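# Residue-level structure breakdown
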Amino acid sequence: MERGTSPPVTLERAYLLTVGVVGWVVLVWLLGERMRAGVEVSLAWEAGFFLGLAVLVGLQPVRLPRGATTTVGFAVDFACLLIFGPAVAAGIGVASFLVLLRRSPWLRQVFNQGQVVLAFAGAGWVYQRLGGQYVELSARRVAFGELGPALLVGGVAFFTISSLLISVAIAQFERRSVAGVWAVSFRWMAPRFLALAPFGLLMAMVYQTPGLGIVAVGLFLVPLVGARYAFQGAMEMLEVHRETVWALSNALEAYDPYTRNHSELVTRYALAIGRQLGLPAPRLELLEWAGRLHDIGKCRQDWESIIRKPGRPNAREWEIIRQHPVEGSRLAEKMEFLPHTAGEVARIVRAHHERLDGSGYPDGQGGEQLSLEARVLGVADAFEAMTARRAYQRRREVEEALAELGRCAGTQFDPQVVGALQALWERGELELEPSLEQHATAQEPVLAPRPAAEAAGGGS
Amino acid sequence: MRNRSWLRLYVGLTTAAGVGALLWTLRRWGAVELGGWELALFIGLAGVLDVMVVPVAAGGAMAASFAVFFAGILSLGATATAWVAALAVVWSEGMVRRRPLRRVGFNAGHSVLSLLTAGWVYGALGGRIGEVELGSQLPAVVGAAGTLWALETAWVAVAVRLERGGRLGRRLRSSLGPVLAWDGALASVGLLLALLYQSWWQLVGPASWQGAALLAAAVFIPCGLLYYAYRLQGSLREVYAQSLRTLGALLEAKVEGSQPGHGEQVARLAARLAEQLELPPEQVEQIRYAGYLHDIGKVGVPSALLQRSRERFGGEPETLRLHAQIGESILAPIRFLQPAAQMVKAHHERWDGLGYPQGLRQRDIPLGARVLALANAYVGMTHSAHPPLSPHQALHRLLQAAGSRFDPKLTELLGRCLVESGEVSPETAGQVEFAAR
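Residues numbered from 1 in each chain as written. Chains lettered and ligands numbered in written order. Predicted model: local features only at pLDDT ≥ 70, side-chain atom pairs only at ≥ 80, totals over all residues. Heavy atoms only, no water.

Let us now look at the overall build of chain A. On a plain count of helices and strands, chain A comes out with 19 helices and two strands. Residues counted as buried form 54% of the 460 residues belonging to chain A. Taking the intrachain contacts of chain A between residues at least 6 apart in sequence as the baseline, contacts between residues at least 24 apart amount to 70%. Within the structure as shown, chain A displays about 20200 Å² of accessible surface, and the carbon and sulfur contribution to it stands at 60%. (Helix = DSSP H or I, 4+ residues; strand = E, 2+ residues; numbered from the N terminus. Buried < 20%, exposed > 50% of the residue type's maximum accessible area, 1.4 Å probe, protein only. Contact = heavy atoms within 4.5 Å. Areas by Shrake-Rupley, 256 points an atom, 1.4 Å probe, with all protein chains shown as cover.)

Here it is, written out as C-alpha cells:
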C-alpha cells in the first residue's frame, strides 16, 4: 500500500500502530510501578502457570457454527487480574498473544497486544477505585458482598474497552460506523462474556485459599474440560444438522426443474439483505434457516398440478396455496435446531407471504406485526421468483424485477428492505448463479481473538 | 414375562437392603459429630444436583449429585452421607420430580449401599474423614471415587439388563466408559468441595449462609456448566432424529404411491432388530436414520414411473432401481450419515447376490442393510400390500425367502421378536418355521 495514493489505509494502519504503542508504554509503566512496590520471588513461577493456562485455553477454542470460535479465555484473564493486579495480568495477556497470534501479520499482533493491555489497565483502575484489592482476596470479603460492585464494573470495563478498540478498527477497515460494528459484532455476546466473570473470580479465590493453590485450580478445570468436549460435540451436531437439512431439502427441490435452487438463492439474497441491514449473527442464522425451509410446506403430491393448472385456482386449491406457509411453519417447528430459538424460524416461515399493508396470507398481518426477518424473506422470495430461470437477458430481468419491487415498496414490501436489495445490486454484490457448495463458507476472523474471535461470525 | 418379575425382585431387594443399611448405621450415629448446618448444606447441594440428570446411551441415567456424595464421604463420612443421599434422592426425585415410588426407592437404595461400600474402602486405604490431604491419602481418595463409580454403574446396568434383555457384560462395558467421563469430572468437583469445606467453611465461619453460598457457588458453577453442555448435546441429538423423521415423511408426501408412515415404521422395526442384535448405540442410531430415509432416492425417479411400477406386479423397471443409488448420492455429502448412506444404497441387495445395485452376497452386504431389507419387506407386506398380509402371513413369506432374499439368521431373529412382542403367537410361529423348511 503506497502512501499518498490511499491515505485512508494509512490512517487505519496508524490507528492500529497507535493502540499498540500506547499499550506497550502503559505496560512498561505499570510494570515499573509494580517493581518499585517490590516483587515476591514466587511470582514469576505463579505467573508462568497462569500464562500456560491462558495459552492452553486459547489453543482449545470451541468452534461455533459459521466459523466463529469462542474460548473461556476471559475467565482466565479475569482470574489473573484479581490475583496479580493489572501490571502482571497485562503482561500475561501480551505473552499469551505472542504465542496464540504468532502467525498473524505483525501490525495485527501489535494492535492486539496494545488493546489487551489497555483493557487490563482500565479494568484494574476502575476495580481499584471502587475498593477492589488484589493478592489477598479473602473469601470472607467476597462472601459478604463487599467486592460485588467493584468486580462487576471491572468486568464490564474490560469488555467495553476491548470491544470498542476492536470495533473502531473494524469500522475503519469496512467503512462503517463504530456503533454499527459494535452492535452487530459485540452486543449480543456481552452477557455471555460477563457470565465468565464469576468463573474467573472463583478460580482466583480457589487459587488463593491457603494450602490449595494450583492443585485446586486443576480440580476446578477438569469439569470445564469435560464441558468443553460436550459443548464441542453439541456444536458438531448442530453443523451436522445444518448439513443434513440443507442436503435433503435441496434434494427435495432438485428434481423439479421449476423449483431447483429456489431456496438456496432465496436464502442467499435474504442473507445479503440481512447483512446490508446490519442484522447481528444470531438473527442472520434464523434468516438462513427460514430461507432454507420457507417452501417446505409445498411438499405434497398435488402441489404441482395445482400450480401448473391453467386458469385460476378454485376455492379448495386456493386454500391449499394459502396454507403452505402454515404447513411449512409446522414442519419447521419439528426441525427447529437451537433450544433458545424455539419457534422463531417457524414464525418467519409462516409470515413470508404476509404483506406490509396486511393483504397477504395466511394471517393478514402487516406493519409492526411482521418481523424484519419475515419482511426480508418476503422480498428475497419475490425477487427470486421474478428473476429465476431466465439466464439470458439476466441484467434486464433483474432491473425490471427491482423496479417492480420498488413500485410495491410501502404497500406490499418494506421500503427499507427493498432499498437494501437495490443498493446491493448497484454495488454489484448480488450473485445470481446457484453455487455448487452446500452452505456458506466459514468466514475468517477479522481481527484477533478475545472477544473479537467470537464476533467473527457476526457478519462483520 | 419372566424378566419383569426378576426386575421387580431386584428393585425391591435393593430398596430393602438400602433401608436396612440406613437403619443399621443408626447404631453408629453416636460417633458422628455433625451440626444441622453441615447436614442441611450437603442435603441441599445433593438435592439440587440430583435434578441435573443426563441419560446414558446404553440405558439408565447419571446425576450430578455424584460430586456431593463423593465429597460427603471425604468430609462427613459415609454414615452421614448415606443419610444425606437418601434424603436428597427422596426430596428431588420423589417430591420435586414426582417419579414413581419404585424408582425413588431403587435409586436411594443403591446410592446408600454404594456410598457405604465406598466409605469403607476410603477408610481401609487410610483416608481420614474431614482431613483430606492429597499426598498420602491419594490412593484412598481415588479408591473411594472408583468404588462409587463402579458400583453405581453396575447397579443400574443390571436393572437395564433385566428390563431390556441382552448380555450383562456388554451392557456394563458400553455404559462404564461414558459414565467414567461424567463421574470423573464430578469427582474432581467433589474433591474440590471437600478441600474447600475444610478451609472456607472454617474461614468464613461455620454455620453461616455466606459460607454455604460460597461453597454452593464453587459446586454449582462447574457442575451447571457441565450439565448444560451435556444436555445441549443430548437435546441436539434428539432434535436431529426428529428432523430426519420429518424430512423422511416429507419425502413420502412428495413421492407418488408411497405409504404415509412407511419410513417411520421401517425405522422402528429395524432399530428394534438392531437392539436385539446388541449393536452399539451409535450403530442402532444409524440404522434408525437409514430407515427414515431409505427411499429418499425415489424423489429422483420420475413419478409416472413409480406409478406404473406399482401397477405392474412384480419386477421393477430399471429406472426405479436407480433409487437406491440416488439415495446414497443424496446422503453422500453428509459425513455423519455415511454408515446410513451405505445401508440405503444396499437395502435392495439380496442374500443370494441377485439384488441391486451391486449384486453383493451374504456378509458382503452391510449388516444394517440386511436388517433394513427385512424390516422394509415386513412393513411393506403388512401395510402397503393389497390386501395387507397379517403378521403371521408376512412372517411366513419372509421365512420362505430366508436364505434367498434375506439373511436367514436375521429372519429367525425377526420371528423371535414378533413372538416376544405378541404380534405372532408362538404356536403359529412354530408351524411357520416348520412349513418353511
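Contacts between the two partners involve 56 residues from chain B, matched on the other side by 49 residues from chain A. In this assembly, chain B packs against chain A so that about 4600 Å² is buried in total across both faces, 79% of it on carbon and sulfur atoms. One can count zero salt bridges joining chain B with chain A. The tally of links between chain B and chain A comes to three residue pairs in polar contact (both at pLDDT 80 or more). Elements with a contribution of two residues or more to the side of chain B that touches chain A: helix 7 (168–204), helix 8 (209–254) and helix 12 (318–331) of chain B. (Buried area = accessible area lost by both parts, 1.4 Å probe. Salt bridge = Lys/Arg side-chain N within 4 Å of Asp/Glu carboxyl O. Polar contact = N/O pair within 3.5 Å; in protein donor to acceptor, adjacent residues only side chain to side chain.)

Here we come to helix 5 (residues 101–124) of chain B. Given 3.6 residues to a turn, an α-helix orients residues that are three or four positions apart in the same direction. All names here are of chain B. Over its 24 residues, helix 5 runs 35 Å from end to end, which matches the ideal 34 Å to within 8%, given 1.5 Å per residue. Of all 24 residues making up helix 5, 17 are buried, and the element is well covered by its neighbours. Of the residues flanking the end of helix 5, it is Gly126, one or two places downstream, whose phi is positive at about 95°. (Expected span 1.5 Å × (residues − 1).)

The next subject is the confidence of the model for chain B. Detailed reading of the predicted coordinates is not advisable wherever pLDDT falls low. When pLDDT is averaged across chain B, the result is 80; 89% of the residues are at 70 or more. Interface confidence in the predicted complex, given as ipTM, is 0.77; pTM for the same model is 0.77. (pLDDT = per-residue confidence, 0-100.)

Looking now at the environment of Arg129 of chain A. Residue and element names in this part refer to chain A. Summarising the element assignment, Arg129 is placed in helix 5 (residues 106–129). A relative accessible area of 61% means that Arg129 is categorised as exposed. For the pair Arg129 and Thr160, spaced 31 residues apart in the sequence, the C-alpha separation amounts to 17 Å.

Residues and elements named next belong to chain A. At a closest axis distance of 8 Å, the pairing of helix 7 (residues 148–174) and helix 8 (residues 178–185) adopts a crossing angle of 120°. Between helix 7 and helix 8, the crossing angle belongs to the class labelled oblique. As for how helix 7 packs across helix 8, the hand of that crossing is right-handed. Only Val178, Val181 and Trp182 of helix 8 make contact with helix 7, whose side of the interface consists of Phe159, Ser163, Leu164, Ser167, Val168, Ile170 and Ala171. Residues belonging to the contact of helix 7 with helix 8 are distributed by class as follows: eight nonpolar, two polar and no charged. (Axes fitted to C-alpha atoms, helices over the stretch in contact; angles between N-to-C directions. Parallel < 35°, antiparallel > 145°, perpendicular 65-115°, else oblique. Left-handed = near helix turned anticlockwise from the far one by under 90°. Nonpolar A, V, L, I, M, F, W, Y, C, P; charged D, E, K, R; others polar.)

What follows deals with unusual backbone geometry. In terms of backbone geometry, most residues other than glycine have negative phi values and most peptide bonds are trans. In this structure, the amide linkage connecting Tyr361 of chain A to the following residue, Pro362 of chain A, adopts the cis form with an omega of 5°. Within the secondary structure, Pro362 of chain A sits in the loop between helix 15 (344–350) and helix 16 (372–387). We note that Arg98 of chain B has phi near 50°; this positive angle belongs to a residue other than glycine. Accessibility expressed as a relative area gives 68% for Arg98 of chain B, which makes it exposed. Residues other than glycine seldom take positive phi values, yet Gln362 of chain B does so here, at roughly 40°. Within the fold, Gln362 of chain B resides in the loop between helix 13 (338–345) and helix 14 (367–384).

The next subject is the packing of helix 9 (residues 262–276) of chain B against helix 16 (residues 408–420) of chain B. All names here are of chain B. At a minimum axis distance of 10 Å, the contact between helix 9 and helix 16 shows a crossing angle of 105°. Considered as vectors, helix 9 and helix 16 are oriented roughly perpendicular to each other. Packed against helix 9, whose contacting residues are Leu269, Arg272, Leu273 and Gln276, the element helix 16 presents Leu413, Leu414, Cys417 and Leu418 at the interface. The residue inventory of the contact of helix 9 with helix 16, partitioned by class, reads six nonpolar, one polar and one charged.

Glancing now at a nonpolar patch on the surface. Residue and element names in this part refer to chain B. A surface patch of nonpolar side chains, about 490 Å² in accessible area, is lined by Val48, Val51, Val90, Trp91, Met95 and Val96. Counting residues per element, the ones that place at least two in the nonpolar patch are helix 2 (36–51) and helix 4 (78–96). Looking at the nonpolar patch element by element, the count peaks at four residues for helix 4. Structurally, the position occupied by Val90 is in helix 4. The class for Val90 is partly exposed, based on a relative accessible area of 38%. (Patch = residues over 30% accessible without salt bridge, like charges linked within 9 Å, V, L, I, M, F, W, Y side chains within 5 Å.)

Of all hydrophobic cores here, the largest spans 132 residues; its most connected members are Phe50 and Met203 of chain A together with Phe42, Phe70 and Trp200 of chain B. The greatest single-element share of this core, amounting to 15 residues, is contributed by helix 7 of chain B. Those residues in contact with Phe42 of chain B, other than ones at most four positions away along the chain, are Val68, Ala71, Gly72, Ser75, Leu76, Val84, Leu193 and Tyr197 of chain B. In terms of nonpolar packing, the next biggest core, distinct from the first, is built from 117 residues, Ala272 and Cys408 of chain A together with Leu247 and Leu250 of chain B among them. (Core = buried A, V, L, I, M, F, W, Y, C linked by side-chain atoms within 4.5 Å.)

All right, on to the packing of aromatic side chains then. Each pair of aromatic rings is reported with the distance of its centres and the angle of its planes. A complete count under the given rule lists 17 aromatic pairs over all chains for this structure. Centroid distance Tyr240 of chain B to Tyr289 of chain B: 5.4 Å. Interplanar angle 80°. Geometry classified as edge-to-face. Taken together, the residues Tyr240 of chain B in helix 8 and Tyr289 of chain B in helix 10 (residues 281–293) connect sequence positions 49 residues apart. For the pair shown, Tyr240 of chain B and Tyr289 of chain B are each scored as buried. Ring centres 5.5 Å apart and planes at 80° place the aromatic pair Tyr240 of chain B and Phe336 of chain B in the edge-to-face group. Linking Tyr240 of chain B in helix 8 with Phe336 of chain B in the loop between helix 12 and helix 13, this pair joins segments that are 96 residues apart in sequence. The class of Phe336 of chain B is partly exposed, set by a relative accessible area of 22%. Put simply, the rings of Phe49, Phe50, Phe84 and Tyr207 of chain A touch in pairs and so form one group of aromatic residues. Positioned over the ring face of Tyr229 of chain A is Arg228 of chain A, at 4.7 Å from the centre of the ring. (Phe/Tyr/Trp six-rings, centres within 6.5 Å; stacked < 30°, edge-to-face > 60°. Lys NZ or Arg CZ within 6 Å of the ring centre and 35° of its normal.)

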